[in-house]
Every structure is written in C-alpha cells, then in structure tokens.
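# Topology and contacts: notes
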Amino acid sequence: MTLLLTRSPEEGRQDLEAYQAEGGFEALRRILGEGRPPEALIEELNLGKLRGRGGAGFPVGRKWGIAAAIENEHKFVIANGGEHEPGSKKDHLLLEKYPHKVLEGLLLAAYATGARKGFVYIIDEMEEARISVERALEELSGAGLLGEGILGTEFSLELHLHLAPPTYVAGEETAVIDSIEGGPAKPRGKPPYPSEAGLYGKPTTINNVESLAQAAVLLRMGGSEYAKTGTEESKGTMLLTLGGRARNPGVYEVPFGTTYRQLIEELGGGTRSGKAIRALQPAMSSAFLGPEGLDLEISFEALTRAGSSLGCGGISWIEEGQDPLPRLMTIAKFFADSQCGQCPPCNMITSNFLHVMQGVKAGKPGDFAGAISKIAAFAAGKGRCGLPSMDAAPLASGIRLFEEELKTRLGS
Ligand SMILES: Cc1cc2nc3c(=O)[nH]c(=O)nc-3n(C[C@H](O)[C@H](O)[C@H](O)COP(=O)(O)O)c2cc1C
C-alpha cells in the first residue's frame, strides 16, 4: 500500500501539476472551499490516530490542538527536514521528490492552528532538497496556493526555507527554533514546549516532514478511512530506509503491521551477503533486537513492548559472522561527536560510553558490560534533549546481546 511514494523513482521529482493530478491539494481546496472550521481538521487527525514520524510518535492531532487552542495573532508552523541520522534517507527523499506533499501538510497545519507564517527547515548540505523546495514554493505562489488570500479565501500563509548547520542536534525541535531565531542550533530546555511557546515565544507547531505528508493524505482520505490501515495504535504507512547491507537498499513505504522480515526479505531482497541476520536495529538511536526482532510487526506499540523504538526508521543489522564491535564503536563515536557541548551530563555520558568502548576495542580487560549499564542508567532523563538516552539504548542493548562474544575475545 502506498500513500506517499506514489511514483516510480524514474519519474523524478513530482511537480505541482503531477501532484494535483493524483489528488494533491484536494484536501486543502475542499476544506477552504467548504469553510470547514480548523477544529474539524484536528478531529479528523485524531480519528485517524496519526502519530508523528520524527521519532517520538507523538499524536499529530494533539500537537496541532495545543497550538490551535492558544489565542495569539502570531503563530508559526515548521516542517522539520533536518534529517541527519546515519542510515535514514526518507526525509531527503520526500523533500527532493515529493515536496508538494510536505507543503500541503504544512499549509493544512497552518490553517488548523491559526499560523500565518512558516518554515521548511533543512540542513544546508541538502542541496537537492533545497532546489526542489524552492521550486515548489514558486509553483505554489504562482498557483495562488501560497501568500495572501489563498484560493481567494481569508487564509494567508508566508513560507520560507531555512538552512541549518549540518549537525545531528540541529534536528531537535528546540534547536530548530534556536537556529531560525539566528542561534547556533542547540537544544533549549523544555518546558515550555514549542506548541505553547516556540519561535519568538509564540505557539509553534513543528512536525517531521513525513508526518506532514501523512497528514495531507489523511485529510484527503478522511480520518476513519485512514484508520482502517495499519495496526491498533499505528495507522497508515511508514517510510523506512534499508542501507547497503540489503541487496536492494533504499527507502520503502510499508503499512504498519508488516514485519521486518517481510520488509527486508521481500522488498529489500534480503542481505547482500546471503547471511542470516542475528541482531536488528530499527534506527541508529534504537535498542538492538535479537533475531526474533525480524518477526516483529513494525508498529509503535510492538517496538515499545519489545524494549526498542521505531525511531526514524533507518534500519541496520548485524549478520552471522559479522563482528559487532565496529558497529558499536560507530554508534559510540557518532553520539560523542554529535553532542553539542552545552549540557555537562551529556558531554560526560557520551564521552564515557566512547571511552569504555575504546577499552573493549583495545582489548583492555575489565567489566565493560557493568560500566555500560551504569552509564546507561545514569543517562536516563539527562540533558536538554534526548541525546544521552539515544546513545544509551543501542549501546546497552548491544552489549547485552554480544557480551559473551566480546568477553571471549578479551579473554575475560
Ligand atoms: C538529537 C535529536 C535530533 C533530532 N533530529 C530530528 C530530525 O532530524 N528530524 C525530525 O523530524 N525530528 C528530529 N528530532 C525529533 C524532534 O525533536 C521532534 O520531536 C520532531 O520534529 C517532531 O515531529 P513529529 O511530532 O512529527 O514526529 C530529533 C530529536 C533529537 C533529540
């Protein structure tokens, strides 16, 4: 089932005409044409149980509802396309090839929440996405779908493209706000949450670009129709990225409820090496699952039950015969390099994780598993953003899974 990836990659970028030919902007035209009240959109999203695709799975209707309920003549909407997690390419793909899907979602978010200004946020190495979004904004303005009095109604929206520094934390929502305000794109303390007091202290709705594209589809289909897809708590589809260890790497769209095995074997062609998978990681910041993870259904609830998380869906794995240590080192190094330096606990946690892992790599004897689990316990809830926990989840679970193997090699 495809809601978002409706064209073959050979067809290239979808322009406004092609998007409208498949029903694009029908939702916005109908809603504005019928003068539907903003609350009706939020009700539809809640009916369709749409959850955010940026990692945390927060209900989109609830987020829009918070900003909508606050009286303020200045409100903002932001499409978060700051995708910088290794292994995830879905937001790049959406912005490069399907920019109008994201922009229709952003327009609908602005209408529902009462925002009159918004931003598409990308990191400044996303050249193809930048060109695609700039063209899309021009196309929309030319068609009367952006600016003053959209489609002849009272609804107006001004949209800008914002280029952020190419760092991992720049994608965190308060870092997004910091960057647009002219800061260094570092996370700020919460609360207040952006929906209440975000950009310039005003109610700001920030959603992942896929969440917005899904919202546009849901509002076209209707919430009850959308809710017929997926699982009990996870409706619709999700974009997932398979990396170079798959025979056919790429971004795939699957309905929630598909298993990882179906995705990897049937769509991704299995492992390039032909070897079996012995540990699966749903995203770089998610806990490892053993081989039983392959038969897990892809859904927010199943991953939580299994002690992991969907994250942004950049999937990787460890195969039979593959040494897990390089992958664990990559994770420890990535998070230590990505921490932004402003929260002492985060700095300490990420460098301690790396230090312990370097000890394992150097063959230093000692209770590395005990050390990793102590740092992981300390990491819970620390720092202004979730980075320490995002480092702890894969390292603690990876060490648990591979402890014996690593010990044998250290002779301890
Ligand atoms: C370190 C860090 C990096 C993040 N990077 C991104 C990102 O690149 N894109 C994104 O949409 N969300 C990212 N997030 C999550 C955002 O803070 C926020 O939850 C998300 O944009 C909300 O969108 P959603 O509700 O539509 O899922 C990141 C969070 C953290 C802690």
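The present account deals with the structure reproduced in this document. (Residues numbered from 1 in each chain as written. Predicted model: local features only at pLDDT ≥ 70, side-chain atom pairs only at ≥ 80, totals over all residues. Heavy atoms only, no water.)

## Some points on the packing of aromatic side chains
Throughout the structure, instances matching the rule amount to 8 aromatic pairs. With 4.9 Å between their ring centres and 65° between their planes, Y168 and F334 make a pair best called edge-to-face. Within this pair, whereas Y168 is found in the loop between β3 (158–164) and α8 (173–180), its partner F334 is found in helix α13 (residues 325–338), the two being separated by 166 residues in sequence. A connected cluster of aromatic rings, assembled from ring pairs, spans Y168, F334 and F335. Sitting over the face of the ring of F378, K382 holds its NZ or CZ atom 4.1 Å from the ring centroid. (Phe/Tyr/Trp six-rings, centres within 6.5 Å; stacked < 30°, edge-to-face > 60°. Helix = DSSP H or I, 4+ residues; strand = E, 2+ residues; numbered from the N terminus. Lys NZ or Arg CZ within 6 Å of the ring centre and 35° of its normal.)

## A word on unusual backbone geometry
Most peptide bonds take the trans configuration, and most residues that are not glycine carry a negative phi. Residue P191 follows K190 across a cis peptide bond; omega there is -5°. Among the structural elements, P191 can be located in the loop between α8 and β4 (204–208). The amide bond that connects P191 to the next residue, P192, takes the cis arrangement and shows omega of 0°. Among the structural elements, P192 can be located in the loop between α8 and β4.

## Comments concerning the sheet that holds β3
Read across the sheet, 4 strands follow the order β3-β2-β1-β4 without closing on themselves; strand pairing throughout is parallel. For this open sheet the edge positions go to β3 and β4, each flanked by a neighbour on one side alone. Each strand of the sheet is rotated relative to its neighbour by a mean of 20°, with strand direction disregarded. Relative to β4, strand β1 (residues 76–81) runs parallel, the two sharing 5 bridges. For I78, the partnering residue across the bridge sits in β4 and is I206. On the sheet, helix α7 (residues 127–142) packs against β2 (117–123) and β3 and is oriented at approximately 170° with respect to β3. (Pairing = 2+ DSSP bridges. Axes fitted to C-alpha atoms, helices over the stretch in contact; angles between N-to-C directions. Contact = heavy atoms within 4.5 Å.)

Note that all results are geometric; they support no functional claim without further evidence.
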